[in-house]
Structures are given as C-alpha cells and as structure tokens.
Amino acid sequence: MALSPKGRRGYAVGALALATALALTACGSQSSSGAGTTSAGASASGGAQLVQSGKLTVCTNIPYEPFQFKDSSGKIVGFDVDMVDLVAKKLGVTQNIVDIDFAVIKSGAAMAAKKCDLAAAGMTITPERKANIDFSEPYFDATQALLAKKGTGAKSLEDVKAKNLKLGAQASTTGLEYVKKQGFDPTEYADSAKELLALQAGQADVIVQDLPVVLTWLKKPDVAAKFELIGSLNTGEQYGFGLKKGADPVLLKTINEEIAKSKQDGTYEKIYVKWFGKKPGELG
C-alpha cells in the first residue's frame, strides 16, 4: 500500500491519532496466541528492545495481497510476512502480526503507543512519513497502476478525465495522493478489498492501486474476465519497514542487515518469485 504507501500507503502524530491507536487495542487481530500481555523494553536475542518478550510484533493493514493477507486457512501470509520472518529468525523470536488501520500506522501512532515494534504494510517511504517514523532501507521498488472495466477505451489518466470516468482509490495511499495532484477527486475506499469491490459493483470505472496488487487480482479468473490493466504510473516509489521515531538502533540495524543479506544470498529473489511469479525488476 504503495499506504500513501498504499501503494501505498505523513502527518504529525497528534493527541487524537495517539488516542486512536490506544483505542484500537481490542481491534487488532494477532497471528499468534499469548499476545495479550506486553512487556515494554523486553530484550530479544541480540539485544533488540521489543514491546513483547519473545515476539517481534508487527503492525499491518489487511488485506493487501500479495504483501499481507489471510489465506484459505485464515493464516496471515505474504511477501512482507516472509521478509519480516527473516528478521524474527535472526532475533530468535516469532513474528506476531496485528491488523490495524493504516492511517494509524503511517502517522507513527501505532509504534509510539507500543502496539508494535515495526510496521510492514507495503508502505512507501515519503518525506512526510519520515517526519513521524523511522524507515528501514528500501526493500521493494513499487509503482502504481490503473485497473478498469473492459471496454472503457481508456489507456491513461488523461483518458479517464476526458471520458469523465469514475475514479476510485484506496484511502491514505500514495496512489490517492498521486491522482489528486493530477487534478482528480476520486472516491476513497478504506482498503484494497473494498476498492476492488467498488470497481466490480460499478461504483467506479477505474481504480488506482499498486501494480503488484493489481497483477495479483488479475490472476483471478473472475477479475480477468471483466477488468484490465490500462496503464502504469511510474511514481518511483520504494517500500520500507516503519519503526517508531528514534527507533531502537539494534532492531533497525538487524532489519537492514537482513534485507541486504537476503538480496546477496538469493533469499530475496526466492521470496519475490514465490509471491509475484517473476524476478525483481520483471514486474513491469
């Protein structure tokens, strides 16, 4: 989610945002049991300070397939999940995933309120977000795409405007910000699933979303039969894992080292092909 990663997916952390994060404690769905008791400052293997002993707690916003989503068994899986598992393994802990509103993630409120150690939510690194949270080194090169119902005749944002087509976008995402800067006022949807449903229901003629997400949708026969990719928007985005401002240097160092190591030893390419079906640089 280049969320405004969303693709995804920055604003100062105010008292309201922090209160929202605190209020969401009961709303998060966590991937492992025993997550109800936290211990701020719990030390993990290697000396990283974690909000809960023995766990690397990760905030995300589901669904955002193929980065993080629930499979048929209800387990949270995806590209981001596999990448963070490398960090958890290095620290000698298990990954614990908390599903939380993306706006609370990108504002930094979730990490400031110690809801999680880091955020892995297909989140684009932007100057605005860097004012509120610290980022790891980039781990994914992203771009935006336009998905439309077949037969519109549109091939670009200019065509969308000229044909007066209804445009939709995911709230709090870089895709939304991008089209707004181009003079559009799209209908906003809370998450990627609702955005796709709006397109399928005819509430939108075209939607903007991260290219990997669109390509994943188009692998589904019911989507491919009625909708098509009409254009890519090369926005030059990169995703990063987010941490609270003034992040624990041990944790940040470990994340960056695991990203670099995975790219050197072939693990990154293996995970990439697993979720995207192509090697890095081949998505389009």
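Residues numbered from 1 in each chain as written. Predicted model: local features only at pLDDT ≥ 70, side-chain atom pairs only at ≥ 80, totals over all residues. Heavy atoms only, no water.

Caption draft 1: Representation of the environment of Lys219 within the structure. Looking at where Lys219 falls in the secondary structure, it is placed in the loop between α9 (211–217) and α10 (221–224). Residue classification places Lys219 among the exposed positions, given a relative accessible area of 53%. Apart from the residues within four sequence positions on either side, Lys219 is in contact with Trp275 and Phe276. (Helix = DSSP H or I, 4+ residues; strand = E, 2+ residues; numbered from the N terminus. Buried < 20%, exposed > 50% of the residue type's maximum accessible area, 1.4 Å probe, protein only. Contact = heavy atoms within 4.5 Å.)

Caption draft 2: Region of interest: the sheet that holds strand β9 (residues 140–149). If you trace the five strands from one edge of the open sheet to the other, you get β11-β10-β12-β9-β13, paired in mixed fashion. Every interior strand has two partners, whereas the edge strands, β11 (187–189) and β13 (227–239), have only one. Between one strand and the next, the sheet's axes are offset by a mean angle of 25°, whatever the strand orientation. Examined bridge by bridge, strand β10 (residues 167–170) and strand β12 (residues 206–210) share three bridges and lie parallel to one another. Of the residues in β12, the one forming a bridge with Ala169 is Val208. (Pairing = 2+ DSSP bridges. Axes fitted to C-alpha atoms, helices over the stretch in contact; angles between N-to-C directions.)

Caption draft 3: Structural context of the nonpolar core. By size, the foremost hydrophobic cluster in this structure holds 47 residues, and its most contacted members are Leu56, Phe79 and Phe140. Of all the secondary structure elements, the ones that give two or more residues to this core are β3 (55–60), α2 (79–91), β9, α8 (192–200), α9, β13, α11 (249–265) and α12 (267–276). Apart from the residues lying within four places of it in its own chain, the contact partners of Phe79 are Pro66, Phe67, Tyr139, Phe140, Tyr268, Ile271, Tyr272, Trp275 and Phe276. (Core = buried A, V, L, I, M, F, W, Y, C linked by side-chain atoms within 4.5 Å.)

Caption draft 4: Highlighting the packing of aromatic side chains. This structure, assessed with the given rule, holds 18 aromatic pairs. Following the ring pairs from residue to residue traces out a cluster consisting of Tyr64, Phe67, Phe79, Tyr139, Phe140, Tyr239, Phe241, Tyr268, Tyr272 and Phe276. Over the face of the ring belonging to Phe184 we find Lys161, whose NZ or CZ atom lies 5.0 Å from the ring centre. Between Lys263 and the ring centre of Tyr268, over which it is positioned, the NZ or CZ distance is 5.2 Å. (Phe/Tyr/Trp six-rings, centres within 6.5 Å; stacked < 30°, edge-to-face > 60°. Lys NZ or Arg CZ within 6 Å of the ring centre and 35° of its normal.)

Caption draft 5: The arrangement of empty space enclosed by the protein in detail. Quantified by volume, the largest cavity comes out at close to 40 Å³. The wall of the largest cavity is formed by Val58, Thr60, Gln68, Asp80, Val81, Gln95, Ile97 and Ala120. Elements with a minimum of two residues in the lining of the largest cavity: β3, α2 and β6 (94–99). Residues belonging to the lining of the largest cavity are distributed by class as follows: four nonpolar, three polar and one charged. (1 Å grid on protein atoms, 1.4 Å probe; cavity = no way out; pocket = protein on both sides within 12 Å on 5 of 7 lines; lining within 4 Å. Points joined across faces, edges and corners; volume = space filled by probe spheres on them. Nonpolar A, V, L, I, M, F, W, Y, C, P; charged D, E, K, R; others polar.)

Caption draft 6: Structural view of unusual backbone geometry. Following Ile62, the chain continues into Pro63 via a peptide bond in cis, with omega recorded as 5°. Among the secondary structure elements, Pro63 is positioned in the loop between β3 and β4 (69–70). Cis peptide bonds are those with omega within 30 degrees of zero, and the linkage from Glu65 to Pro66 qualifies with 10°. Tracing the sequence through the fold places Pro66 in the loop between β3 and β4. Positive phi, close to 55°, is recorded for Asn164, a residue that is not glycine. Taking relative accessible area as the criterion, Asn164 reaches 66% and is therefore assigned exposed. Positive phi outside glycine occurs at Ser172, with the angle close to 65°. Structurally, Ser172 is set in the loop between β10 and α7 (174–181).

Caption draft 7: Here's a closer look at the side chain of Gln68. Mapped onto the elements, Gln68 comes out in the loop between β3 and β4. Of the polar contacts made by the side chain of Gln68, one reaches the side chain of Thr60; its length is 3.4 Å. (Polar contact = N/O pair within 3.5 Å; in protein donor to acceptor, adjacent residues only side chain to side chain.)

Caption draft 8: Broad picture of the packing of α2 against α11. Running from N to C, α2 and α11 cross one another at 120°; their axes reach a closest spacing of 9 Å. Accordingly, the angle class assigned to the pair α2 and α11 is oblique. Judged by the sense of rotation from one axis to the other, the crossing of α2 with α11 is right-handed. Between α2 and α11, the residues in contact are Met83, Leu86, Val87, Lys90 and Leu91 and Leu251, Thr254, Ile255, Glu258 and Ser262, respectively. Considering only residue class, the contact of α2 with α11 consists of six nonpolar, two polar and two charged. (Parallel < 35°, antiparallel > 145°, perpendicular 65-115°, else oblique. Left-handed = near helix turned anticlockwise from the far one by under 90°.)

Caption draft 9: Inspection of the pattern of salt bridges at higher detail. For the structure shown, the criterion picks out eight salt bridges. Between Lys180 and Glu188 there is a salt bridge, and its shortest N-O distance comes to 3.3 Å. Of the charged contacts in the structure, one is a salt bridge between Glu257 and Lys253, with a shortest N-O distance of 2.4 Å. Of this pair, Glu257 and Lys253 both sit in helix α11, four residues apart, which is roughly one turn of the helix. Classification of Glu257 as partly exposed rests on a relative accessible area of 36%. (Salt bridge = Lys/Arg side-chain N within 4 Å of Asp/Glu carboxyl O.)

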